[in-house]
Amino acid sequence: METTNGTSFNNQKFTIPVVNDVEQQTSMELEAKDDFNYSKRSQWLRAAVLGANDGLVSTASLMMGVGAVKQDIKAMILTGFAGLVAGACSMAIGEFVSVYSQLDIELAQMKREKQRGENRETEAEEDGKEGEKESLPNPLQAAAASALSFSVGAMVPLLGASFIREYKVRLGVVIGAVTLALLVFGWLGAVLGKAPTVRSAVRVLVGGWLAMAITFGLTKLIGSSGL
């Protein structure tokens, strides 16, 4: 009886740490997966914020440039709309070509690794390759995301100027709407990139103001010179 009790007590001593180790490994794997997914999401969100900031600054600068020489609301809105369409198409095409080139490189690398004599693969390796195929970049998705984010940013100055006939008030509303959007986009980019929020927001704001001011000033100078 003593031997039986001793063995059972010893068995319990050895089995409990094994269960704890398995639980710890499982929890660590789940935490790693959560961190990986979060990092991928943050990269996509940060790229979307940067695309929206590009659409905001470029479209607002175009509208301010035309507004410097023409007070007509129709000319200002048409310029902003043309900038939205052209910019969204340019962003989409550029992102599609870039991501497709990256996809070709990764597929060629996978093909070279496959031809290195790894004919016999375990189930774990096959699952890993399936995961690699799922993680490959999607050119169409990247192009659509870039065009959409650019369009969202470009809509801010367009909506700000669409319903105001008075010239000076319209310019003020555009500048105010763009200023607020620049602060929001700068803050979001800093949060997603884990950078100082105030410094990043001020940097984005000053950059947007400079772009609008330079476009307005140069267009005003050229328009007043009669060229």
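Residues numbered from 1 in each chain as written. Predicted model: local features only at pLDDT ≥ 70, side-chain atom pairs only at ≥ 80, totals over all residues. Heavy atoms only, no water.

**Some points on the overall build of the protein**
Then comes step 1: What the protein contains, in helices and strands, is six helices and zero strands.
Then comes step 2: Helices and strands appear in the protein in the N-to-C order α-α-α-α-α-α.
Then comes step 3: A fraction of 78% describes how many contacts in the protein between residues 6 or more apart in sequence connect residues 24 or more apart.
Then comes step 4: Of the roughly 15,300 Å² of accessible surface on the protein, a fraction of 63% belongs to carbon and sulfur atoms. (Helix = DSSP H or I, 4+ residues; strand = E, 2+ residues; numbered from the N terminus. Contact = heavy atoms within 4.5 Å. Areas by Shrake-Rupley, 256 points an atom, 1.4 Å probe, with all protein chains shown as cover.)

**Here we look at the UniProt feature "transmembrane region" (unreviewed entry) in the protein**
Then comes step 1: Under the local residue numbering, the UniProt record ascribes the feature "transmembrane region" (unreviewed entry) to residues 75–93, 142–164, 171–192 and 204–223.
Then comes step 2: For the annotated span residues 75–93, helix accounts for 100% and strand for 0% of the residues, and the straight-line distance between the end C-alpha atoms is 27 Å.
Then comes step 3: Between the end C-alpha atoms of residues 171–192 there is a gap of 31 Å, over a span that is 100% helix and 0% strand. (UniProt positions renumbered as here; feature names shortened; annotations may be inferred.)

**Observations regarding the packing of aromatic side chains**
Then comes step 1: As enumerated under the stated definition, the model contains one aromatic pair in all.
Then comes step 2: With 5.4 Å between their ring centres and 45° between their planes, Phe 96 and Tyr 100 make a pair best called tilted. Pair noted here: Phe 96 and Tyr 100 are both in helix α2 (residues 73–114), with a separation of four residues, about one helical turn.
Then comes step 3: On the basis of relative accessibility, which here comes to 30%, the residue Phe 96 falls in the partly exposed class. (Phe/Tyr/Trp six-rings, centres within 6.5 Å; stacked < 30°, edge-to-face > 60°. Buried < 20%, exposed > 50% of the residue type's maximum accessible area, 1.4 Å probe, protein only.)

**Let's talk about helix α6 (residues 197–224)**
Then comes step 1: Across its 28 residues, α6 extends 40 Å between first and last C-alpha, which sits within 8% of the 40 Å expected from 1.5 Å per residue.
Then comes step 2: For α6, the complete set of buried residues consists of Ser 200, Ala 201, Leu 205, Gly 208 and Met 212. (Expected span 1.5 Å × (residues − 1).)

**Things to note about the packing of helix α5 (residues 167–193) against α6**
Then comes step 1: Running from N to C, α5 and α6 cross one another at 145°; their axes reach a closest spacing of 7 Å. For the pair α5 and α6, the crossing hand works out as right-handed. On the side of α5, the interface is formed by Tyr 167, Leu 171, Val 178, Thr 179, Leu 182, Leu 183, Gly 186, Trp 187, Ala 190 and Val 191, while α6 contributes Thr 197, Ser 200, Ala 201, Val 204, Leu 205, Gly 208, Trp 209, Met 212 and Phe 216.
Then comes step 2: Class assignment of the residues belonging to the contact of α5 with α6 gives a composition of 14 nonpolar, five polar and no charged. (Axes fitted to C-alpha atoms, helices over the stretch in contact; angles between N-to-C directions. Left-handed = near helix turned anticlockwise from the far one by under 90°. Nonpolar A, V, L, I, M, F, W, Y, C, P; charged D, E, K, R; others polar.)

**Quick notes on the side chain of Asn 53**
Then comes step 1: Among the secondary structure elements, Asn 53 is positioned in helix α1 (residues 2–69).
Then comes step 2: Assessed through its relative accessible area of 16%, Asn 53 is described here as buried.
Then comes step 3: Setting aside residues no more than four positions away along its own chain, Asn 53 makes contact with Leu 182, Phe 185 and Val 204.

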